[in-house]
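# Residue-level structure breakdown
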Amino acid sequence: QGHLVESGGGSVQPGGSLRLSCVTSGDTYSNFCMGWFRQTPTKEREGVAAIYGGGRAAYYADSVTGRFAISQDKSKNTHYLQLDNLKPEDTGTYYCGAHFGNCTPDSLGPQGFQYWGLGTQVTVSS
């Protein structure tokens with residue numbers, strides 16, 4: 001089993017940036033697809049980005065392509081989400097998740113993820 005802890009959320013103005021971190025424990029990071037998701041009270045959880053610890057290609061939702069970047073530091077069992085040029089519609093609770101094996105384009109859907117963090121809040125407003 002795995003344990004995930006997110007951090008790095010906060011409140012920023014439109015156009016600002018944040019960097020989210022997800023530290024994993026309990027499993028070998030490189031064997032998992034790691035994803036970032038967001039959720040609001042009015043919108044169900046949706047995938048933002050995903051990356052495979054073994055080095056497979058990263059995937060991004062169309063709404064964040066060119067603005068967000070997912071990365072990883074295997075030595076720290078950590079993956080990151082860099083959020084640039086933030087928009088009010090990016091507001092939500094951001095969760096990291098993990099499932100065993102390679103990422104695929106379907107990894108932007110949350111259904112297959114086995115492990116979840118508790119979330120970190122991102123608020124974008126003027």
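Predicted, not measured: the structure shown is a model, and the values here were computed from it.

## Observations concerning the state of the cysteines
Per the counting criterion, the structure on display carries two disulfides. Note on cysteine connectivity: C22 is disulfide-linked to C96, with sulfurs 2.1 Å apart. Taking the sign of the torsion about the S-S bond as the criterion, the disulfide between C22 and C96, at about 65°, is right-handed. With C22 in strand β3 (residues 18-25) and C96 in strand β9 (residues 92-100), this residue pair connects regions lying 74 residues apart in the sequence.

## Observations regarding the environment of L118
Structurally, the position occupied by L118 is in the loop between β10 (115-116) and β11 (120-124). The exposure class of L118 is exposed, given its relative accessible area of 81%.

## Remarks on the pairing of strand β7 (residues 68-73)
Where β7 and strand β8 (residues 78-83) come together, six bridges link them in antiparallel fashion. The residue bridging A69 from the neighbouring strand is Q82, located in β8. Two successive antiparallel strands, β7 and β8, enclose a turn made up of four residues, where N77 displays a positive phi of approximately 50°.

## A closer look at the sheet that holds β3
One open sheet holds the four strands; their spatial order is β1-β3-β8-β7, and the pairing between them is antiparallel. Each edge of the open sheet carries a strand with a single partner, namely β1 (3-7) and β7. On average, each strand axis in the sheet is inclined to that of its neighbour by 20°, with strand direction left out of account.

## Examining the nonpolar core
By size, the foremost hydrophobic cluster in this structure holds 25 residues, and its most contacted members are W36, V48, F68, L81 and Y94. Looking at this core, the elements that each hand over two or more residues are β3, β4 (32-40), β5 (43-52), β7, β8, β9 and β11. Counting six residues, the second-largest nonpolar core is a separate cluster that includes C33, F37, A50 and Y52.

Thresholds applied
Residues numbered from 1 in each chain as written. Predicted model: local features only at pLDDT ≥ 70, side-chain atom pairs only at ≥ 80, totals over all residues. Heavy atoms only, no water. Disulfide = S-S within 2.5 Å. Helix = DSSP H or I, 4+ residues; strand = E, 2+ residues; numbered from the N terminus. Buried < 20%, exposed > 50% of the residue type's maximum accessible area, 1.4 Å probe, protein only. Pairing = 2+ DSSP bridges. Axes fitted to C-alpha atoms, helices over the stretch in contact; angles between N-to-C directions. Core = buried A, V, L, I, M, F, W, Y, C linked by side-chain atoms within 4.5 Å.

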